[in-house]
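What the coordinates show
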Number of protein chains: 2
Amino acid sequence: MTVTSVHDPSHREALWELEDAFERGDLVSVFGRCTVSYEGRAASDLGAGDRLLVLKPDGAALVHTDEGRQPVNWQPPGSEHRAAVREGRLRVRSTRTSPDETLTVRFSDVHQLSAMAVTGGRDLTLHGSEEDLRTRILERPELVEPGFEPRETERPSSAGPMDIFGVDADGTPVVIELKRRRVGPDAVGQLARYVRALREELGVEGEGKGGEGEETEAAATAVRGVLVAPSITDRAAERLAERGFGHVALDPTPET
Amino acid sequence: MTVTSVHDPSHREALWELEDAFERGDLVSVFGRCTVSYEGRAASDLGAGDRLLVLKPDGAALVHTDEGRQPVNWQPPGSEHRAAVREGRLRVRSTRTSPDETLTVRFSDVHQLSAMAVTGGRDLTLHGSEEDLRTRILERPELVEPGFEPRETERPSSAGPMDIFGVDADGTPVVIELKRRRVGPDAVGQLARYVRALREELGVEGEGKGGEGEETEAAATAVRGVLVAPSITDRAAERLAERGFGHVALDPTPET
DNA sequence: TATTGGATGTCGCAC
DNA sequence: GTGCGACGTCCAATA
């Protein structure tokens, strides 16, 4: 199998293995005691400690400690890995441009270095996303409310594309903002922007107020806003009420 | 050294090593061919392929392919790892509750398994954060505008705590929203909420409009909103202008 | 425990 | 490349 592995290598040995692994396009993991410094969008320094360094052939670099889902330091894909021995330490440096960023890992000790050629299987299928919620509504519009008719998804507006645009039983335009999970006040602001943009575009008064005579069916041409999400926070509910928007409780997938 | 490592172990061997590593609280990395399934906040399935599984003693689990900064599947800290041999495969399962989530990795082949006891060095020092930007302004308020006086940070309001509250040269209240990097329209919405909350709280008219006689210094008690960020998008600028808010271009750290 | 907003967020897509 | 919004976002601070 295409795995190479060295235990307690000298820095020189580790360097050879790393360079070979970079050449082959391997996925690399390095256990060892190291310091880490980063400079780019921000800047950081991390003192000596035992960590796991993961180097990917696409340029990504991850420094993991024993805690957390997030790497304590990292470099995004598209970076370039280089290794060298400097001042008695193994130095692994990953750099990229635009923005200029550099991650430097200096190992005083390398405990274990492994490299594997990785093939196959990038076909992740995910269920329960916002897209699933959209699909569910398009298939069963009555879940929003009786008589609701979706007209367009990702409908453009001056405030950006709205998730679903449609009309209610009265023919009033409805803007729907979808969220796959419980939402806070930010989602209401987002919905408000779309509704406002559409009101300006259609030249109608908000919240059912009539025009000045020209528009005889003002109520029918007002724009409604509806937030579809499994649930909302209290603050979000307040802001929804202020704006006169509605909320429909709906999960991305039918409850089991 | 406190690193154990096995190359091409049998499932049985791998299982022993894993259980020992869990017992010791080691940081574990496993190279191998596997399938991955997840069920929890969403659900996903990933077909067979070569991947790197990282298991942390705090319960975090990460499945990495050869691409991307993000793991293709994961489990957050606080989960519990268990391993077993089932149907001729090594099954590693990580579960947590609230929300209920399960990650299952089934290895048909384990190429390399390493485990290391991790100690020391969680003292990351980071520069260039929003907090640095706040500090910079508090030390040199004139960077916002001549005569600006910060009065309070994280000042509470009905819309949540505002980054900096202060007064300008005229004594007019100023709400400052800080962003460490270029911002879009969402930041303007956030600023607007704070300004509105403060206007309600102080009972003043917005945008310098006077009261009806009771308040003789209406202009002085209006509330201004200022967005401090390195730069803003066009759309954000539009929304700032609509609201009558200002923008000050400022980096979290002085330019080199 | 739930809520809120920051993050070197990352990532994908449209322009 | 920038802009914009989703994400199983993660994460810490806070109520």
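Computed from a predicted structure; not experimentally measured.

1. Comments concerning the packing of aromatic side chains
A ring pair, where both rings are aromatic, is described by two values, the distance of the centres and the angle of the planes. A complete count under the given rule lists zero aromatic pairs over all chains for this structure. Looking at A:Arg155, its charged tip hangs above the ring of A:Phe165, at a distance of 4.9 Å from the centre.

2. Let's talk about the protein's contact with DNA strand C
The environment of DNA strand C is formed by 27 residues, the closest being A:Arg41, A:Arg182, B:Arg69, B:Lys179 and B:Arg180. The sugar-phosphate share of atoms of DNA strand C within 4 Å of the protein amounts to 85%. A distance of 2.7 Å is found between a phosphate oxygen of DNA strand C and a side-chain nitrogen or oxygen belonging to A:Trp74. Between B:Ala159 and DNA strand C, the recorded distance is 3.4 Å, taken from a backbone N or O atom to a phosphate oxygen. Looking at the surface near DNA strand C, the elements that each hand over two or more residues are strand 5 (73-75) of chain A together with helix 3 (185-202) of chain B. Among the elements that take part in the surface near DNA strand C, helix 3 of chain B stands out by supplying three residues, more than any other.

3. A word on the domain arrangement of chain A
A common way to report how large an interface is uses the accessible area buried once the components associate. Under the domain assignment used here, chain A contains domain 1 (3-116) and domain 2 (130-249). Look at where the C-alpha atoms of domain 1 of chain A and domain 2 of chain A centre, and you get two points 48 Å apart.

4. Describing helix 3 of chain B
Residues and elements named next belong to chain B. Between its first and last C-alpha, helix 3 extends 26 Å over 18 residues, near the 26 Å set by a 1.5 Å rise per residue. The set of residues buried in helix 3 consists of Pro-185, Ala-187, Val-188, Gly-189, Leu-191, Ala-192, Arg-193, Tyr-194, Val-195, Ala-197, Leu-198 and Arg-199. Once helix 3 ends, the next one or two residues include Gly-203, with phi positive near 65 degrees.

5. Digging into the packing of helix 3 of chain B against helix 5 (residues 234-243) of chain B
All names here are of chain B. As a packed pair, helix 3 and helix 5 sit with axes 8 Å apart at the nearest point and diverge in direction by 25 degrees. Between helix 3 and helix 5, the crossing angle belongs to the class labelled roughly parallel. Of the residues in helix 5, those touching helix 3 at Pro-185, Val-188, Gly-189, Leu-191 and Ala-192 are Arg-235, Ala-236, Arg-239, Leu-240 and Arg-243. Counted by class, the contact of helix 3 with helix 5 contains six nonpolar, one polar and three charged residues.

6. Some thoughts on the protein's contact with DNA strand D
Near DNA strand D there are 27 residues, and of these A:Arg180, A:Arg181, B:Arg41, B:Trp74 and B:Arg182 occur at the shortest range. Sugar plus phosphate, as a fraction of atoms of DNA strand D within 4 Å of the protein: 81%. Backbone polar atom of A:Arg69 to a phosphate oxygen of DNA strand D: 2.9 Å apart, as the coordinates give it. Here a phosphate oxygen of DNA strand D and a side-chain polar atom of A:Lys179 are 2.8 Å apart. At the level of secondary structure, the elements contributing two or more residues to the surface near DNA strand D comprise helix 3 (185-202) of chain A together with strand 5 (73-75) of chain B. Of the residues contributing to the surface near DNA strand D, the split by class is nine nonpolar, seven polar and eleven charged.

Rules used in this analysis
- Residues numbered from 1 in each chain as written.
- Chains lettered and ligands numbered in written order.
- Predicted model: local features only at pLDDT ≥ 70, side-chain atom pairs only at ≥ 80, totals over all residues.
- Heavy atoms only, no water.
- Phe/Tyr/Trp six-rings, centres within 6.5 Å; stacked < 30°, edge-to-face > 60°.
- Lys NZ or Arg CZ within 6 Å of the ring centre and 35° of its normal.
- Near = heavy atom within 4 Å.
- Polar contact = N/O pair within 3.5 Å; in protein donor to acceptor, adjacent residues only side chain to side chain.
- Helix = DSSP H or I, 4+ residues; strand = E, 2+ residues; numbered from the N terminus.
- Domains from an automatic or database assignment.
- Expected span 1.5 Å × (residues − 1).
- Buried < 20%, exposed > 50% of the residue type's maximum accessible area, 1.4 Å probe, protein only.
- Axes fitted to C-alpha atoms, helices over the stretch in contact; angles between N-to-C directions.
- Parallel < 35°, antiparallel > 145°, perpendicular 65-115°, else oblique.
- Contact = heavy atoms within 4.5 Å.
- Nonpolar A, V, L, I, M, F, W, Y, C, P; charged D, E, K, R; others polar.

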